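Okay, here's what each chain looks like letter by letter:
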Amino acid sequence: MYAFDYHRPATLKEALSLVAKQEDAKIVAGGHTLIPTMKQRLAAPGHLIDLGRIPDLVGIERTPRAVTIGAMTTHGAVAESADVKEAIPALSELAALIGDPAVRHRGTIGGSVANNDPSADYPAACLALGATIITSKRRIPAEEYFRGLFETALEDGEIVTGVSFPIPHKAAYEKFRNPASRYALVGVFVAKRPSDIRVAVTGAGSNGVFRWAEAEEALAKRFSAKSLDGLKAPADDLIGDLHADAEYRAHLIGVMARRAVQAATER
Amino acid sequence: MSSVSLTVNGKAVTAEIEPRTLLVQFLREHLRLTGTHVGCDTSQCGACVVHLDGEAVKACTVLAVQADGRQVTTIEGLAAGGDLHPMQAAFREHHGLQCGYCTPGMIMTAVDLVRRKGHALDETTIRHELEGNLCRCTGYHNIVKAIAAGATAMGQAPARQAAE
Ligand SMILES: Cc1cc2nc3c(=O)[nH]c(=O)nc-3n(C[C@H](O)[C@H](O)[C@H](O)COP(=O)(O)OP(=O)(O)OC[C@H]3O[C@@H](n4cnc5c(N)ncnc54)[C@H](O)[C@@H]3O)c2cc1C
Ligand code: FES
Ligand code: FES
């Protein structure tokens, strides 16, 4: 790891001014993507701005219609939150499947959505539930926020402060984990929302998280795992790598989607 | 250089360090607490697990400066004088180790698991919770047994736990 200067702002305002002032500054949240990347010298920021001591960025707030999670809330805290378990159990289950217990004690939801790894779990929940990404500048609907591999709508110096999830009627997440990395080989989040049904797929798209339109249409007619019988995700734009080729991922999408719908109907 | 002050195994520690110093490096090289191991250095193996404010974390993936003002417990901080912690004793009793390289991380993870999930732990839970800890020797079987027994023993020694 190359040397850097370390800053620990106590407020969001201070963090924003530090990020604006230093050209090669990078934010560190849980550090569970950034520190490994810096160790490999794939990132070499001159200044590290630690969001770890800004109390306003931590916490979970539940209203009748939404659950809003502060950017610095850890995966472990989301997994264990009684409010999340009750309002959106699928989200609590998703958080509990990220990495391992030690990773969940450090990694944050803000870091996960800022990073937008194509195999990360939260992007699927954001897209399926129709979440809003709240930043230091604006509120961005999930559909406009995730832009491709590790690409988001965030501008330079913009900080994610939270994510707001509308409460669905029913939802479930099914993840086929890569047994070595614990990331999703394929993960499918299904949400039956007051206005529509959404199916979001992570781990598979060569442009990152995406919605599976054919499955959504089929489920709109009848919300049952049977509605997806015979439906196969197109393998064209899927990732193929040493862990799984595109055909296999396409197959898994169908399997995970059916399981997720089944789990949601049983809720 | 940055100044850090933290509590390690109950003792206050202050040092001037480079910000890029990892917590595990700080513990091993500055404080000479070499019980915390580095197995992979890529956040996978869990040999480096310590408790940060009571929660299990991978010390190879935390900067020492991020632990400023916090409480760190390492494997060296578990035993009370000459008495092994009940989880350590259970690993010995149930042959939960062979070479011992993964053991400090396994034990720190196990103690954190008991904090979160209580004293009656079934095999499925233990195996699931050990996903972030790799062992090249044992095949995990005796580790799982040791953790179940250690968890029960921790429940029977309330005074010891309170002292931790
Ligand atoms: C062993 C291991 C297993 C893992 N398994 C999984 C898994 O199964 N599923 C999964 O989804 N993830 C997994 N992860 C990733 C983990 O969830 C990370 O914690 C997460 O992706 C990044 O969050 P962080 O808080 O650690 O961010 P950091 O590493 O601190 O930051 C990541 C990036 O986001 C930027 N950033 C962070 N916070 C903000 C913010 N608030 N505003 C703007 N930019 C910000 C940083 O500058 C950096 O570029 C795993 C990680 C490890 C080490
Ligand atoms: S050395 Fe930290 S996880 Fe392997
Ligand atoms: S006992 Fe040797 S690595 Fe676990």
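Residues numbered from 1 in each chain as written. Chains lettered and ligands numbered in written order. Predicted model: local features only at pLDDT ≥ 70, side-chain atom pairs only at ≥ 80, totals over all residues. Heavy atoms only, no water.

## Regarding the domain arrangement of chain A
Residues and elements named next belong to chain A.
Item 1. You can read the domains of chain A as domain 1 (5-50) and domain 2 (58-265).
Item 2. Distance between the C-alpha centres of domain 1 and domain 2: 26 Å.
Item 3. Residue-level contacts link 9 residues of domain 1 with 13 residues of domain 2.
Item 4. Here domain 1 packs against domain 2, burying approximately 850 Å² in sum over the two surfaces, 76% of which is carbon and sulfur.
Item 5. By the criterion of area lost to domain 2, the three top residues of domain 1 are Leu-16, Ala-29 and His-32, representing 46% of everything that side buries.
Item 6. Taken together, domain 1 and domain 2 are joined by 0 salt bridges.
Item 7. Our enumeration of links across domain 1 and domain 2 arrives at 0 residue pairs in polar contact (both at pLDDT 80 or more).
Item 8. Looking at the side of domain 1 that touches domain 2 element by element, the count peaks at 4 residues for helix H1 (residues 12-21).
Item 9. The residue inventory of the side of domain 1 that touches domain 2, partitioned by class, reads 6 nonpolar, 3 polar and no charged. (Domains from an automatic or database assignment. Contact = heavy atoms within 4.5 Å. Buried area = accessible area lost by both parts, 1.4 Å probe. Salt bridge = Lys/Arg side-chain N within 4 Å of Asp/Glu carboxyl O. Polar contact = N/O pair within 3.5 Å; in protein donor to acceptor, adjacent residues only side chain to side chain. Helix = DSSP H or I, 4+ residues; strand = E, 2+ residues; numbered from the N terminus. Nonpolar A, V, L, I, M, F, W, Y, C, P; charged D, E, K, R; others polar.)

## Section: unusual backbone geometry
All names here are of chain A.
Item 1. Residues other than glycine seldom take positive phi values, yet Phe-150 does so here, at roughly 55°.
Item 2. Looking at the secondary structure, you find Phe-150 in the loop between strand E8 (146-148) and strand E9 (151-152).
Item 3. Residue Phe-150 is classed as partly exposed on the basis of its relative accessible area, which comes to 46%. (Buried < 20%, exposed > 50% of the residue type's maximum accessible area, 1.4 Å probe, protein only.)

## Examining the pattern of salt bridges
Item 1. This model, assessed by the stated rule, comprises 25 salt bridges over all chains.
Item 2. Notably, a salt bridge pairs A:Glu216 with A:Arg211, separated by 2.9 Å at the nearest N-O pair.
Item 3. Its relative accessible area of 10% is what places A:Glu216 among the buried residues.
Item 4. Classification of A:Arg211 as partly exposed rests on a relative accessible area of 29%.
Item 5. Linking A:Asp241 and A:Arg249 is a salt bridge whose minimum nitrogen-to-oxygen distance equals 3.2 Å.
Item 6. You can call A:Asp241 partly exposed: its relative accessible area is 32%.
Item 7. Residues joined by salt bridges that share partners form a network here, namely B:Asp112, B:Arg115, B:Arg116, B:Lys117 and B:Glu129.

## Describing the site of ligand 1
Residue and element names in this part refer to chain A.
Item 1. Near ligand 1, the surroundings consist of 31 residues, among which Ile-27, Ala-29, Leu-34, Thr-108 and Arg-182 are the closest.
Item 2. Between Val-160 and ligand 1, the recorded distance is 2.8 Å, taken from a backbone N or O atom to a nitrogen atom.
Item 3. Here ligand 1, which alone exposes 980 Å², has 95% of that area covered by the protein.
Item 4. Secondary structure elements with two or more residues in the shell around ligand 1: strand E2 (25-28) and helix H7 (109-115).
Item 5. Its residues placed into classes, the shell around ligand 1 shows 13 nonpolar, 13 polar and 5 charged. (Near = heavy atom within 4 Å. Areas by Shrake-Rupley, 256 points an atom, 1.4 Å probe, with all protein chains shown as cover.)

## Describing the packing of helix H3 (residues 103-117) of chain B against helix H5 (residues 141-156) of chain B
Residue and element names in this part refer to chain B.
Item 1. Orientation of H3 relative to H5, taken along the N-to-C sense of each, is 45°, at an axis distance of 10 Å. Here H3 lies oblique to H5, going by the angle between them. H3 and H5 meet at a crossing whose hand is right-handed. Only Ile-143, Ile-147, Ala-151 and Met-154 of H5 make contact with H3, whose side of the interface consists of Met-106, Ala-110, Val-111, Leu-113 and Val-114.
Item 2. Its residues placed into classes, the contact of H3 with H5 shows 9 nonpolar, no polar and no charged. (Axes fitted to C-alpha atoms, helices over the stretch in contact; angles between N-to-C directions. Parallel < 35°, antiparallel > 145°, perpendicular 65-115°, else oblique. Left-handed = near helix turned anticlockwise from the far one by under 90°.)

## Some details on the side chain of A:Thr161
Item 1. In this structure, A:Thr161 sits in strand E10 (residues 160-166).
Item 2. On the accessibility criterion, A:Thr161 (17% relative accessible area) is buried.

## Details of the sheet that holds strand E5 (residues 66-70) of chain A
Residues and elements named next belong to chain A.
Item 1. Taken in spatial order, the 5 strands line up as E4-E5-E10-E6-E7 in an open sheet, and their pairing is antiparallel. The sheet terminates laterally at strand E4 (60-62) and strand E7 (139-141), the two strands that pair on one side only. For this sheet, the mean angle separating the axes of adjacent strands, direction not counted, is 20°.
Item 2. Summarising the sheet, E4 and E5 pair through 3 bridges and their orientation is antiparallel. Within E5, the residue paired with Ile-60 across the bridge is Ile-69. (Pairing = 2+ DSSP bridges.)

## Considering the domain arrangement of chain B
Residues and elements named next belong to chain B.
Item 1. Under the domain assignment, chain B is made up of domain 1 (2-76) and domain 2 (86-163).
Item 2. Contacts between the two partners involve 17 residues from domain 1, matched on the other side by 14 residues from domain 2.
Item 3. On the domain 1 side of the interface with domain 2, the three residues burying the most area are His-37, His-51 and Ile-75, jointly 38% of the side's total.
Item 4. Taken together, the links from domain 1 to domain 2 amount to 0 salt bridges.
Item 5. Counting the contacts that link domain 1 with domain 2 gives 9 residue pairs in polar contact (both at pLDDT 80 or more).
Item 6. Looking at the side of domain 1 that touches domain 2, the elements with two or more residues in it are strand E3 (49-52) and strand E4 (55-58).
Item 7. Its residues placed into classes, the side of domain 1 that touches domain 2 shows 6 nonpolar, 9 polar and 2 charged.

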